[in-house]
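One letter stands for each residue in the lines below.
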Amino acid sequence: MTGPRFRRIAVVGRQGAGRERLRTALDEITGVARGFGASVAVEPGLAALVPGLGTVDMKRDDFDLLVSLGGDGTLLRAARSVFGRDIPVLGVNLGSLGFLTSVSAEGIETGLRQVLGGRYAIEARRTLEAQVRSPDGEVRGAYRVLNDIVVHNAGAAQVLLLDLRVGPQDDLDEIGSFSGDGVILATPTGSTAYSLSAGGPIVVPEMNCFLVTPILPHTLAVRPLVVPGQEEITVTALDRREPMFLTADGQEGGPVGHLDRVVVRMGTVRIPLVRLPEHSFFATLRQKLNWAARPLDGG
């Protein structure tokens, strides 16, 4: 698919990826960008790696492509920084898995040439919105995520008691209550993250739905749910003994008190991820998760 060419590129990076790897990646990005007449600016934490590059204010400055150098965590942080601005995000994997990224560390020059030459596709990934509400309705926290919202134990290793309901707040339909380590509410994009580790299904990104995946439920009768995208899920903390916490995309969050409600719905914003022509969801499953791999021949 051919798309518009990008002229102003911003770059964010994971500091733990190693200074030399980041410097090499930035040098390659800068070299390719200049060949296409595009400018490159970096977040302040990367400025010292390549002297002469300008810095970018992610919230205020104007740019039309965001490149993420790191793994999935860096890409999630990058996506959150431009939430609602419709700026495409290109992930370069400098980590171990990098399921959401499109370009390998060895393929930066080739991949970026494809993108700047217009040979790419955009996948508009769905998001979730969550609010933590007190028993009297006060909003104590609001979050927007690309992957998942997790309500979990914030203290000792003890099971929690959670109540799950579906529907609008004035007409809630009880799903049930269970004891366990918590619950994951994930987008289709987040179905291959924490939810998958907790036994949830893999969902292709185009599906209009989200997942409700219990974490180590203390019962055999609670299984993951796939919920239509137009629904709303309410998680109520029933446990008086143990403090609970909400974590958004594994990177930020806040406390959830006794009888607080965590209300989660599909977000109105989508995150545009850049994909190369040869990149597909199922190819990534095979390559990075070894999904449906054929047995070795012989013996």
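Residues numbered from 1 in each chain as written. Predicted model: local features only at pLDDT ≥ 70, side-chain atom pairs only at ≥ 80, totals over all residues. Heavy atoms only, no water.

Side note on the sheet that holds strand β17 (residues 244-248)
Keep this limit in mind: When DSSP finds two or more bridges between a pair of strands, those strands are recorded as paired. Secondary structure elements are taken from DSSP: a helix is a run of H or I of four residues or more, a strand is a run of E of two residues or more, and numbering for both begins at the N terminus. Working convention: axes come from line fits to C-alpha atoms, limited for helices to the stretch in contact. Angles between N-to-C directions cover 0 to 180 degrees.
With antiparallel pairing, six strands are arranged side by side in an open sheet as β15-β14-β13-β10-β17-β18. Edge positions in the sheet fall to β15 (225-228) and β18 (252-256), since each of these pairs with one other strand and no more. On average, adjacent strands in this sheet sit at an angle of 20° to one another, irrespective of strand direction. In terms of strand pairing, strand β13 (residues 182-186) meets strand β14 (residues 209-215) through five bridges, oriented antiparallel. Its bridge partner being in β14, Ile184 is matched across the sheet by Thr213.

Focus: a negative patch on the surface
Filter applied, for reference: Residues enter a patch when their relative accessible area is above 30% and they make no salt bridge; the linking distance is 9 Å between like charges and 5 Å between nonpolar side chains (Val, Leu, Ile, Met, Phe, Trp, Tyr). Per-residue and other accessible areas follow the Shrake-Rupley method at a 1.4 Å probe size, with only the shown protein chains counted as cover for residues. For this analysis, a salt bridge means a side-chain nitrogen from Lys or Arg found within 4 Å of a carboxyl oxygen belonging to Asp or Glu. Neither His nor the chain ends is counted toward charge; the positive residues are Lys and Arg and the negative residues Asp and Glu. Where a charge lies is defined by one atom per residue type: Lys uses NZ, Arg uses CZ, Asp uses CG and Glu uses CD. Three labels apply to residues, based on accessible area from a 1.4 Å probe with only protein chains included: buried if under 20% of the type maximum, exposed if over 50%, partly exposed otherwise in between.
Together, Asp170, Asp171, Asp173 and Glu174 make up a negatively charged patch on the protein surface. Here Asp170 lies in the loop between β11 (160-166) and β12 (173-180). For Asp170, a relative accessible area of 72% corresponds to the exposed category.

Regarding the packing of aromatic side chains
Spelled out, the test is: In summary, the pairing rule links any two rings of Phe, Tyr or Trp, Trp by its six-membered ring, whose centres are within 6.5 Å, and it sorts them by plane angle into stacked for under 30 degrees, edge-to-face for over 60 and tilted for everything else.
If you walk through the whole model with that rule in mind, you get three aromatic pairs. Considering the side-chain rings of Phe6 and Tyr120, the 5.4 Å spacing of their centres and the 35° angle between planes classify their relative orientation as tilted. Of this pair, Phe6 sits in the segment before β1 (8-13) while Tyr120 sits in the loop between α3 (108-116) and β7 (121-125); the two residues are 114 residues apart in sequence, bridging distant segments of the chain. The burial state of Phe6 is the same as that of Tyr120; both residues are buried. Ring plane angle 80° and centroid distance 5.5 Å describe the contact between Phe281 and Phe282, whose orientation is recorded as edge-to-face. Note on Phe281: relative accessible area 12%, which makes it buried. For Phe282, a relative accessible area of 44% corresponds to the partly exposed category. In this structure an aromatic cluster arises from ring pairing among Phe99, Phe281 and Phe282.

Here's the deal with helix α2 (residues 72-81)
Burial runs high along α2: eight of the 10 residues are buried. Of all the positions in α2, only Asp72, Thr74, Leu75, Leu76, Ala78, Ala79, Arg80 and Ser81 are classed as buried.

Points about α3
Operational definition: Should any heavy atoms of two residues lie within 4.5 Å, those residues are considered in contact.
Those residues of α3 lying buried are Ile108, Gly111, Leu112, Gln114, Val115 and Leu116. If you follow the buried residues of α3, they end up packed against β1, α1 (19-35), β4 (65-70), β5 (89-93), β6 (103-104) and β20 (271-275). Downstream of α3 by one or two residues, Gly118 has phi in the positive range, about 90°.

Some thoughts on the packing of α1 against α3
Short version of the rule: Should the near helix be turned counterclockwise from the far one by less than a right angle, the crossing is left-handed, whereas a clockwise turn marks it as right-handed. Amino acids are sorted into nonpolar (Ala, Val, Leu, Ile, Met, Phe, Trp, Tyr, Cys and Pro), charged (Asp, Glu, Lys and Arg) and polar (every other residue, Gly among them).
At their nearest, the axes of α1 and α3 sit 9 Å apart, and the two run at 35° to each other. Considering the relative orientation of α1 and α3, their crossing is right-handed. Taking contact as the criterion, the partners of Ala25, Glu28, Ile29, Val32 and Ala33 in α1 are, on α3, Ile108, Glu109, Leu112, Arg113 and Leu116. A breakdown of the residues in the contact of α1 with α3 according to their chemical character gives seven nonpolar, no polar and three charged.

Describing the environment of Pro168
Here Pro168 lies in the loop between β11 and β12. Pro168 sits in the partly exposed class, given a relative accessible area of 44%. When the C-alpha atoms of Pro168 and Thr110 are compared, they prove to be 48 Å apart, with 58 residues separating the residues in sequence.

Comments concerning the sheet that holds strand β9 (residues 139-145)
Pairing between sheet strands relies on hydrogen bonds along the backbone, with the strands arranged either parallel or antiparallel. With respect to topology, six strands assemble into an open sheet ordered β9-β8-β19-β16-β11-β12, the strand pairing being antiparallel. The open sheet terminates on both sides in strands that have one partner only, identified here as β9 and β12. Averaged over all adjacent pairs, the angle separating strand axes in this sheet is 20°, with direction ignored. Bridge count for β11 against β12 is seven bridges, and the pairing is antiparallel. For Arg165, the partnering residue across the bridge sits in β12 and is Glu174.

What about unusual backbone geometry?
The phi dihedral of Asp86 falls on the positive side, at around 60°, and the residue is not glycine. Inspection of the secondary structure assignment puts Asp86 in the loop between α2 and β5. Non-glycine residue Asp249 carries a positive phi angle of around 55°. Mapping Asp249 onto the fold places it in the loop between β17 and β18. Overall, Asp249 belongs to the buried group, its relative accessible area being 5%.

With respect to the nonpolar core
One recurring pattern in soluble globular proteins: nonpolar side chains tend to sit buried together. Our working rule: Nine residue types can take part in a nonpolar core, namely buried Ala, Val, Leu, Ile, Met, Phe, Trp, Tyr and Cys, and a core is a set of them joined through side-chain atoms within 4.5 Å.
Within the largest apolar cluster, 30 residues are counted, with the highest numbers of intra-cluster contacts made by Ile9, Val11, Leu65, Val67 and Leu69. Where this core is concerned, the elements lending two or more residues are β1, α1, β2 (39-42), β4, β5 and α3. Sorting elements by how many residues they give to this core places α1 first, with six residues. If we ignore the near neighbours within four places in the chain, the residues touching Val67 are Ile9, Ala10, Val11, Val12, Ile29, Leu90 and Val92.

Fair warning: the whole summary comes from geometry, so function is off the table for now.
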